[in-house]
Amino acid sequence: MPEFPRDLPHLYLRGSGRPEPYTSKIKPPPHKLPQRERVAHAEAIRAAMRSALEAAAVRRQERDPRLATGTPGFYLDFEFPAGSEAAADQLENRQKQIELVAFHERREGQPAVATVFVPDKAADHFLSKVVQYRNEQTRTGKPKNESLVARIDDIALAAVRSVYTDDPALFPLPGQKVWWELWIRQGHAKGFDELARHLEIPVQPQRLVFPDREVHLVLADDATIGLLFLNSDSVAEIRRAKDTPAVFVDWSNTEQAAWTADLAGRVVLPADRDIAVCVLDTGVTRAHPLLAPALDPSDIHAYNPAWAGGDHHGHGTNMAGTVLYGDLMPLLSTSGAVTLTHCIESVKILPDQGENEPRLYGAITAESVARVEISAPDRRRASCLAVTSDIGTSRGRPSSWSAAIDQLCFGDETTRRLLLISAGNIRENLSGTTYPAHNETESIENPAQAWNALTVGAYTEKTSLVDPSYAGWEPVAQAGDLCPTSRTSLTWERQWPIKPDILMEGGNWAALGNQCDCPDDLGILTTYRDPTVRHFDIFRDTSAATAMAGNLAGKILAAMPERWPETIRAMMIHSTEWTSVMRQQFDAATSEQQKRALLRKYGYGVPSYERAVFSAANDLTLIAEDELQPLRKEGSSIQTHHMNLHAFPWPRTELEQLGEVEVELRVTLSYYVEPNPGERGWLRRHRYPSHALRFAVKRALESVNDFRRRINAAAVAEEEGLPAFPAGGDDWYLGRLRNVGSVHSDYWRGTAAELARRSAIGVFPIGGWWKENSAHHRYEQTVRYALIVSIRAVNSAIDIYTPVHAQISTPVQVTT
């Protein structure tokens, strides 16, 4: 779960989300001004008000009509002298939608300033009050509005810094992208969301809701924040997002215990323990109050029964806390119930002293997975492995360990497994000056080259560095980019799988010149192995990212418990998106080689639970779980066999009516391969996997027979190593780059009318060692696969879901 930093004082709020705008010790109001001075004061304030209204009119012309949302209006700054701050409360008029949004207390050399939002339709409200103060009296003979107008020193049109209520020293430099807390006015969140989408501003999905405010976390520079401020009536306050995990680990253990108890008291356990995520690591400390409820004693195992229990290293307990909760920061910073979707299992695969022989890790992993399956055979699970080795990695070629992982996943007809593996960390020569070039040359570690496993790399959104001991240091990675320690597969031979498959939050590092370090500010908050010493710890890098992926896998398994492991893997990859930083690089790629390098650096991007599980009105996802027989024997030779056609349930009439509206079609195909048991064949791609599958979409004017002929020609060309034949074609974004490994995902964009004329997608086989080695008689075997297809309207709120959902209940035939 992404971090949601908050200002520490607000961790204690129970009620209003707005701090008091002024001190409670108010000096008496000023004495009544003499007539001449009152008139002079009124004229000065009226002139200031007119000047502010003129400036507001100019600014109104600067608004972009495509971006403007909500109630058109402007912000005014009111200055108050010392002792008159209480008058700020009189600035509000809820009937006219005039709202006090921010207050800057008086500082040395600076007056107290109240910032007020004023709708355009109420622009003359304060001018009228000043005129009344000058010319009219109350029944008691006092000037009208005296308690307000007499206390105002000046009025001016507000700027962005007027609603910036944080330490001025923390305001970023021009052009510097940072995370901001945007405090949104009550009832204005929808308008803010629309504007953020238009401006393509990254917004964290978590938000804090108070009676008067809703707090959103956004990544932007000062100019973009200025556009938000100019075109929206939603902003009340802006603060620099600066709360970090360091806050929690710096507290005494007594304070940490209190926060732990509060969170533990809000945890809602799943009704059944039928979904689990197994942590293959250094063991887990079950005594931790946040872990004990979800970790039954019967679910704690060790590869070697003679090994001592518990977790003497701490890594396994770090993993378990993240697998179960994600990042603890946002959970500790809120007060609502925390509903868990899965339990955890632990298998200690590393001894407390020394280490296992690398050549044994394949057997250790297989035996450890078997332990939990024997203990709870009916439980649906994913397994997380963040133990990797730099021994046995040879430019992507399989090792005995990675082959054992592939065999574990492939299993048999009744047992398939979902394994998530860390891509491995860069451990030496970290430097801000060599990032990200260093990442591009450091290869993913063994056994993460496994074809069937989901390999997890790390990226980061964490850039808030507030620890004073790191003054002058800067985050190595910008928000949305690769974690400085995450390995890649750029150096691999091109026939090996795309790794990493996905990226999850792994924290950041900081640099000062040639120095590089890992401040607590830039990590993930998780559980510590010994709660008698402390309850919280900082976790980072690809281990943390793998645990975050385990948390996501557990949630998806709980939402769709009947889906195959191949399908859960497909859903995680299908839900990915490249961050804006990554997307800019992909958009700038001018060659297939550049695109391949980015794919081997970032994988398919960052997944999302919401995108994986829910179909929004303009985003529809369809899932097929099917099987085919890839081979058949003809005489003495083995030939490829079945192709499966899946009809698209597109509502053709509705799509054609959408005409030129741009839509995106995404397809993900996931299956497991049986690895070649002999090392001799690993030198060629088609001799390591048992088989391969590909997909292609039927073209608008293509008959089914023509479609089959095109696919057959493409299959033959690929098996014979001939120049690539365009089975996909049609401007797919990745095209032939996707045809490696055992999971393939790609995008196509076009008009709704074009999509309406595409009626089917074909899944077809490519030969592997099953075809080349007939002695094993695998050519009679069927294989299964998961196919996910989604369509969405690009930059449009058009409802695609409803008409397609209505048509799914009616069988759709593929026409010839």
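Now for a description of the structure that goes with this document.

1. Considering the nonpolar core
Judged by nonpolar contacts, the single largest core of 158 residues is most densely connected at Met-572 and Leu-665. Per-element tally for this core: the top contributor is helix α13 (residues 541-559), with nine residues. Setting aside anything within four residues of it in sequence, one finds Met-572 in contact with Leu-420, Leu-454, Ile-502, Ala-549, Leu-552, Ala-553, Ile-556 and Pro-607. Counting residues in each nonpolar core, the second largest holds 32 residues, with Met-49, Ala-123, Val-130 and Ala-150 among its members.

2. Thoughts on the packing of aromatic side chains
Taken as a whole and assessed by the stated rule, the structure comprises 23 aromatic pairs. Residues Tyr-164 and Trp-180 carry aromatic rings whose centres are separated by 6.3 Å and whose planes lie at 80 degrees to one another, so their mutual orientation is edge-to-face. Residue Tyr-164 is located in the loop between β4 (154-157) and β5 (178-185), and its partner Trp-180 is located in strand β5; the two are separated by 16 residues in the primary sequence. Given a relative accessible area of 0%, Trp-180 falls into the buried group.

3. Some points on the environment of Asn-135
Positionally, Asn-135 belongs in helix α2 (residues 125-135). For the pair formed by Asn-135 and Arg-596, sequence separation is 461 residues and the distance between their alpha carbons is 75 Å. A distance of 2.8 Å separates the side chain of Asn-135 from the side chain of Arg-134, its partner in a polar contact.

4. Looking at the pairing of strand β31 (residues 760-767)
Within β31, eight of the eight residues are buried, leaving the element largely enclosed by the surrounding structure. As paired elements, strand β27 (residues 644-647) and β31 share four bridges and run antiparallel to each other. Among the inter-strand pairings, Leu-645 is bridged to a residue of β31, identified as Gly-762. The sheet contact formed by strand β29 (residues 691-697) and β31 spans seven bridges and is antiparallel. Note that in β31 the partner of Phe-695 across the bridge is Val-763.

5. Digging into the sheet that holds strand β28 (residues 662-670)
On the basis of which strands lie adjacent, the open sheet formed by four strands has the order β24-β32-β28-β30 and antiparallel pairing. Of all the strands in the sheet, just β24 (619-628) and β30 (743-751) have a single pairing partner and so form its edges. Taken over all neighbouring pairs, the strand axes of this sheet differ in orientation by 15 degrees on average, direction set aside. Direction of pairing for β28 relative to strand β32 (residues 783-793): antiparallel, over a ladder of eight bridges. Paired with Val-667 across the strands is Val-789, a residue of β32.

Reading the values: rules and limits
Residues numbered from 1 in each chain as written. Predicted model: local features only at pLDDT ≥ 70, side-chain atom pairs only at ≥ 80, totals over all residues. Heavy atoms only, no water. Core = buried A, V, L, I, M, F, W, Y, C linked by side-chain atoms within 4.5 Å. Buried < 20%, exposed > 50% of the residue type's maximum accessible area, 1.4 Å probe, protein only. Helix = DSSP H or I, 4+ residues; strand = E, 2+ residues; numbered from the N terminus. Contact = heavy atoms within 4.5 Å. Phe/Tyr/Trp six-rings, centres within 6.5 Å; stacked < 30°, edge-to-face > 60°. Polar contact = N/O pair within 3.5 Å; in protein donor to acceptor, adjacent residues only side chain to side chain. Pairing = 2+ DSSP bridges. Axes fitted to C-alpha atoms, helices over the stretch in contact; angles between N-to-C directions.

From the geometry alone we can't say anything about function, so treat these as descriptive.
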